Every structure is written in C-alpha cells, then in structure tokens.
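# Residue-level structural notes
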Number of protein chains: 2
Amino acid sequence: MDETRQRDREGTRRRILDAARRLFADLGYDQVTMRAIAAEADANIALINRYFGSKRELFAEVLAMQGRFPGVLEGPEEELPRRLAEYVADRLRSDQGSVVLAALIRSSSSPEIHEIIRDRVSSAILEPLSARLSGPDAAFRATVAAALVTGTGTMRQLYGPDAAAAPDHEVVVARLTAVFEACLGM
Amino acid sequence: MDETRQRDREGTRRRILDAARRLFADLGYDQVTMRAIAAEADANIALINRYFGSKRELFAEVLAMQGRFPGVLEGPEEELPRRLAEYVADRLRSDQGSVVLAALIRSSSSPEIHEIIRDRVSSAILEPLSARLSGPDAAFRATVAAALVTGTGTMRQLYGPDAAAAPDHEVVVARLTAVFEACLGM
DNA sequence: GAAGTTAGTAGACGCTTGTTTACTCGTCAA
DNA sequence: TTGACGAGTAAACAAGCGTCTACTAACTTC
C-alpha cells in the first residue's frame, strides 16, 4: 500500500521551493506554516529545514529566486508610466504577478523578515526604477511609484479582483498612466 | 508587598482599549498577543475576553472607536488633493496618523479580520471619499487614491521615517498633490 | 455586620507553531 | 554480498498562542 518514494534530492528541493513560492505569494509569510509547505510540496516537513535551514531562510531563497521587476522597467523612460499602468491594471484583475510584490504586501508586518523584504524591494524595484529616472529626486519619485504599486496590491487583496469597479479596462490604464506620470515625471 | 488594586470596570476597560489601539497600530493584528495587551494595559489577561469577548472583537472595537478619515475629507473638492498630500507627507515623517490606516496596513494579511478591515476601509475612507468626487468612475478614482495612501504607509513601514529621502517638505507635498490630482481629477 | 455581587487574579486548557531527533531503507561502491 | 552513505520518515520537543475555569477579595445592599 505504501508507495516506494523515489530518492531525488534536487527534485524534492525544487518541489519545496515551488510550493513555498506559491504559498508565500498567496498568503504571506506568517500565514504559511511549515506543514502547509510540506503538504503542498508532498514532502516531509523535516526536509525543509534540512535543505533550507529554517523557514526564514527558505523565504529569503524564494525572494532571491525571483528576477527583477518583470520586464516593466525596460524600454525608454517616457513609456515607463504606461507600462507600469498596464502592469498594475493586469494585476488588479488576475493575481499572478511578481512574487516579490505579493510577498511584500502580505508579509511586510512580520518583523523577522523585515530586513529581507526591505533589501529585496530596494534591489528589485526601487534601485532599478530610480536609476531609469532623469531629473532631481529620482529616489523619492521612484518611492511614490512603488507606493502606488504596493497600494493597489493591498486594495486588490482587500476587495478581490473587482476592487476598482471600473467599467472599461482602457479607462483604468489611462487613469493609472496619468497617475504614474505624475509620480515619475520631472 | 502586593498592591491593593482598585476596582474600576470602566477604567480598566478603557486602559485595555487604549493599549490595544496603540499596539495594533504599531505592530498589526497578529503580531500583538493578548498577553502583550494585558501587560501594556496593566490588567489581567482574562479581563480582555471578559470585557470584549475575544481578540477579534477587541480589534473590531478599536477600529470602530476611531472616527472617519481625519478632517482631510472636509472642504471643497478642488482642495482635496492638496490636503491628502499634506496628510500623507506628514504621515511619512511622524507615524501618528489614523489607526484605521495603520492597522489596515499592518493587519490586512490576517484572514480572520479581513472582513472587519474591509468594511471599515469602505465606510471610513472609500465611501466618504468617492461621495465627494464628481464625474464618472468616482469609486475607482477613490480606490486609486486610497491605494496611494496605503502604499505610502507600507513604504514608510519598510523604510522608516526617511523612506522617501526628499530634500524639502514642500517638494514632497507638491509632488504628492500632483499625483492625487491625477488620481481624483475628472 | 452578614450576604450577595462582581472586578480582579492565577493557572491551566487544548492547540499550533518551528524545529529537532532517532530511525528506516533505497542506492551504490567495493 | 556487504557495507556505508544519505534521502526520506515519524514522532516528539519546547515554546507560544487564544481562551476558559476556579478562585479571591473588594464593594454594595439590606
């Protein structure tokens, strides 16, 4: 009756990492238990700490696994507001965006990972974004734009996909583009 | 050695409520323990549930205690962006703003109080704000503005009072005013 | 002054958490 | 075939959580 489990260190490690990425993004750091990760990965709970050391270190590795702010930051500066607006508008409907952002929004109140999240937000969002901006106060303008991104995520988390009940997708994008222009423009 | 504790039902109730308000605003719902509230209020832990029923109901009463979005929403519509900008700019430096907002930002990932927070954000922020807006899509525009407010709170929580390292207070207010105008304007 | 009400207290309850230990057993080199 | 290595497992660990019960003692009422 009991299945013969295959021995696959790298495979198991990857299953745990994937399960943790999904759960952390969906629920936030301290709503996710080690047992939930183990169940989602179909692995024994003791293997998590064997391969990653601790829950905290697993979370750090999940964040480190993710790339930079996906694609949005490439391209000329004058198109940045539009791309950010489309990114946010898409995120408002389907919740399948950056894990860094999702984890940030849902985990920023857990003090034990505060430093991990802060460093990751800096290196993945704020620094590349402000590096793309010309003019004075680039860091501040990038922070305001980042606040808008995280804030829409929070509202989306509170109210679900229909958070901002706007009739038309294009209206949403146009409005958000104007807002990001006000954030980022000189 | 043991002090004779005076019997003061209403006073004790108020001490617990005040302590809970401070701690929830500072740390968020599930970082605050019943024992921490009892210690901060200098009261016995069993009295919390005697007077409020449960931690969840205490949190709800803390939110209900708070008034509406403080003062910002009064006055003519065309001055709204400026007042919101000044409110946010002040909040970015000293963290003594609305408890509703602070608790929201730090507690929105706790599913057991999700509904409480959502209802409170609707009645205290979104509804009065969108009621002040003329033109189409008032609810959506109010949501975007609310996202900016909560997002700056999140960034502030991550990076502390020096989150947005802007040289001048007036620069910050001017920038935020423009952003809120883009959010709220027709 | 006696009796009753009730604010306040101490401590335990059951449960969940992250973490660790002791063990089983599949795999592969000698 | 035998031995060692190590992936995988089950169970327990201590600590912390929200909640609840049994009790003490201060106040009110008659």
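As a reminder, the structure under discussion sits directly above these lines.
Residues numbered from 1 in each chain as written. Chains lettered and ligands numbered in written order. Predicted model: local features only at pLDDT ≥ 70, side-chain atom pairs only at ≥ 80, totals over all residues. Heavy atoms only, no water.

### Quick word on the layout of surface pockets
Each pocket or cavity is described by its volume, and for the largest pocket that value is around 250 Å³. Lining the largest pocket, in full, are B:Arg5, B:Gln6, B:Arg7, B:Asp8, B:Arg9, B:Thr12, B:Arg15, B:Asp42, B:Ala43, B:Asn44, B:Leu47 and B:Tyr51. Top element by residues in the lining of the largest pocket is helix H1 (residues 9-27) of chain B. It accounts for 3 residues. Of the residues contributing to the lining of the largest pocket, the split by class is 3 nonpolar, 3 polar and 6 charged. Estimated volume of the second largest pocket: approximately 160 Å³. Every residue along the wall of the second largest pocket is listed here: A:Arg5, A:Gln6, A:Arg7, A:Asp8, A:Arg9, A:Thr12, A:Arg15, A:Ala43, A:Asn44, A:Leu47 and A:Tyr51. Of all the secondary structure elements, the ones that give two or more residues to the lining of the second largest pocket are helix H1 (9-27) and helix H3 (45-52) of chain A. (1 Å grid on protein atoms, 1.4 Å probe; cavity = no way out; pocket = protein on both sides within 12 Å on 5 of 7 lines; lining within 4 Å. Points joined across faces, edges and corners; volume = space filled by probe spheres on them. Helix = DSSP H or I, 4+ residues; strand = E, 2+ residues; numbered from the N terminus. Nonpolar A, V, L, I, M, F, W, Y, C, P; charged D, E, K, R; others polar.)

### A short note on the pattern of salt bridges
Tallied over the full model, the rule gives 14 salt bridges over all chains. Of the charged contacts, one joins B:Arg13 and B:Glu61 as a salt bridge, the two residues approaching to 2.2 Å between their closest N and O atoms. Here B:Arg13, found in helix H1, pairs with B:Glu61, found in helix H4 (residues 55-65); they are 48 residues apart in sequence, far enough to count as distant. Judged by its relative accessible area of 29%, B:Glu61 falls in the partly exposed class. For B:Arg93, the salt bridge is made with B:Asp90, and the minimal N-O distance between the two is 3.9 Å. Residue B:Arg93 and its partner B:Asp90 are located together in helix H5 (residues 80-93), separated by 3 residues, close to a single helical turn. According to the relative accessible area criterion, B:Arg93 is partly exposed, its value standing at 49%. Several salt bridges converge on common partners, so that one network encompasses A:Arg82, A:Glu86 and A:Glu170. (Salt bridge = Lys/Arg side-chain N within 4 Å of Asp/Glu carboxyl O. Buried < 20%, exposed > 50% of the residue type's maximum accessible area, 1.4 Å probe, protein only.)

### Some details on the interface of chain B and chain A
With 46 residues of chain B at the interface, the matching set in chain A holds 46 residues. It is B:Phe140, B:Leu158 and B:Arg175 that lose the most area in chain B upon contact with chain A, and together they represent 20% of the buried surface on that side. On inspection of chain B and its partner chain A, the count reaches 0 salt bridges. Linking chain B to chain A there are 20 residue pairs in polar contact (both at pLDDT 80 or more). Of all the secondary-structure elements, those providing two or more residues to the side of chain B that touches chain A are helix H6 (99-107), helix H7 (114-131), helix H8 (138-159) and helix H9 (169-184) of chain B. Per-element tally for the side of chain B that touches chain A: the top contributor is H8(B), with 15 residues. (Contact = heavy atoms within 4.5 Å. Buried area = accessible area lost by both parts, 1.4 Å probe. Polar contact = N/O pair within 3.5 Å; in protein donor to acceptor, adjacent residues only side chain to side chain.)

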